[in-house]
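Here is how the chains run, residue by residue.
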Amino acid sequence: MRRPRTSLRIELPLLGWLVLVWAALWQDFSPGNLVFGALVALVVTRVFYLPPVELSGRFNVLHAVRYAFVFVWHVIVASVQLAWLAIAKGPRVRSAVVAVPLRSHADLMVTATGHVISLVPGSLVVDVDRANATLYVHYIDIEDAAGADRVRREVLGVEAELIRIMGTKEELALVTEEQHLDRMMSAEPGEGGIR
């Protein structure tokens, strides 16, 4: 089966990134090294085919900056919690692997969600079912089904934040609709909520 041919214009950002990585690895940004890095990048992209990453065409800088602070806060809180668990429970801490089906089936979104989850102490993506966009996440301190549900909500919350930053318009509409329904369900009777 013949693979589809990707135009050089579409691969230009990838080639530029590969040249930058090449120069950084050699710590040499001379013109000769950059040209040689470009040749290596061309060979790599032609011999080792990767499917193109489909971008949504939107990126919300305000959400990205806000979520950067939220992410750092999550890392700090998770680090303190892990330290406490190590002191208080030690080897009695229970953990679980939880399957979390994601909303988005885009490779970039699944990958980004997995990386963000894995960067928070106490959680790690151990497997990805790409066909079904499902992450299998190992979490520490999960005792029961309620804990597994909490993990699913946290992972879907991370995915929702990433969708707000760089998801497609359709994914953003789905997240906005889910958020609206959640607000309606949690509203008190007499305040416009569902009774």
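In this text the structure is predicted, and so the values were computed from the model without any measurement.

The rules we used
Residues numbered from 1 in each chain as written. Predicted model: local features only at pLDDT ≥ 70, side-chain atom pairs only at ≥ 80, totals over all residues. Heavy atoms only, no water. Core = buried A, V, L, I, M, F, W, Y, C linked by side-chain atoms within 4.5 Å. Buried < 20%, exposed > 50% of the residue type's maximum accessible area, 1.4 Å probe, protein only. Helix = DSSP H or I, 4+ residues; strand = E, 2+ residues; numbered from the N terminus. Contact = heavy atoms within 4.5 Å. Phe/Tyr/Trp six-rings, centres within 6.5 Å; stacked < 30°, edge-to-face > 60°. Patch = residues over 30% accessible without salt bridge, like charges linked within 9 Å, V, L, I, M, F, W, Y side chains within 5 Å. Areas by Shrake-Rupley, 256 points an atom, 1.4 Å probe, with all protein chains shown as cover. Salt bridge = Lys/Arg side-chain N within 4 Å of Asp/Glu carboxyl O. pLDDT = per-residue confidence, 0-100.

Engineer: What should I look at first to understand the nonpolar core in this one?
Structural biologist: Looking at soluble globular proteins, one finds that nonpolar side chains tend to be buried together. Within the largest apolar cluster, 26 residues are counted, with the highest numbers of intra-cluster contacts made by I117, L135, V137, Y139, V155 and L162. By residue number, the principal contributor to this core is helix 5 (residues 145-166), which donates nine residues. Those residues in contact with I117 that sit more than four places away from it in its chain are S123, V125, V137, Y139, V155 and V158.

Engineer: How should I be thinking about the packing of aromatic side chains in this particular structure?
Structural biologist: Summed over the entire model, instances satisfying the criterion amount to two aromatic pairs. With 5.8 Å between their ring centres and 55° between their planes, W22 and W26 make a pair best called tilted. Linking W22 with W26, this pair stays in helix 1 (residues 8-26), spanning four residues, or about one helical turn.

Engineer: What is the right way to read a nonpolar patch on the surface from this model?
Structural biologist: On the surface, W17, L20, V21, L25, W26, F29 and L34 cluster together into a nonpolar patch covering about 770 Å² of accessible area. For the nonpolar patch, the element with the most residues is helix 1, which contributes five residues. For W17, the location among the structural elements is in helix 1.

Engineer: Mind showing me how you'd approach the pattern of salt bridges here?
Structural biologist: Here the structure, examined in full by the defined rule, presents nine salt bridges. The salt bridge partner of E161 is R66, with a shortest N-O separation of 2.4 Å. Placement of E161 in helix 5 and of R66 in helix 3 (residues 61-88) is noted, with a sequence separation of 95 residues between them. By relative accessible area, which is 36% here, R66 ends up partly exposed. Between R103 and E178 there is a salt bridge whose closest N-O contact spans 2.8 Å. Taken together, the positions of R103 in the loop between strand 1 (95-101) and helix 4 (107-119) and E178 in helix 6 (residues 169-186) put the pair 75 residues apart, joining distant regions of the chain. Counted as one network, the salt bridges with shared partners bring together R66, E161 and R164.

Engineer: Sorry if this is basic, but what is going on with the confidence of the model for the chain here?
Structural biologist: Atom-level detail of predicted coordinates should not be read off regions where pLDDT is low. With 87% of its residues at a pLDDT of at least 70, the chain reaches an overall mean of 86. Confidence, expressed as mean pLDDT per element, reaches its minimum in the chain at helix 1 with 81 and its maximum at strand 3 (residues 134-140) with 95. This stretch, residues 191-195, has a pLDDT under 50; its non-local contacts, to residues over four places away or in other chains, come to seven contacts.

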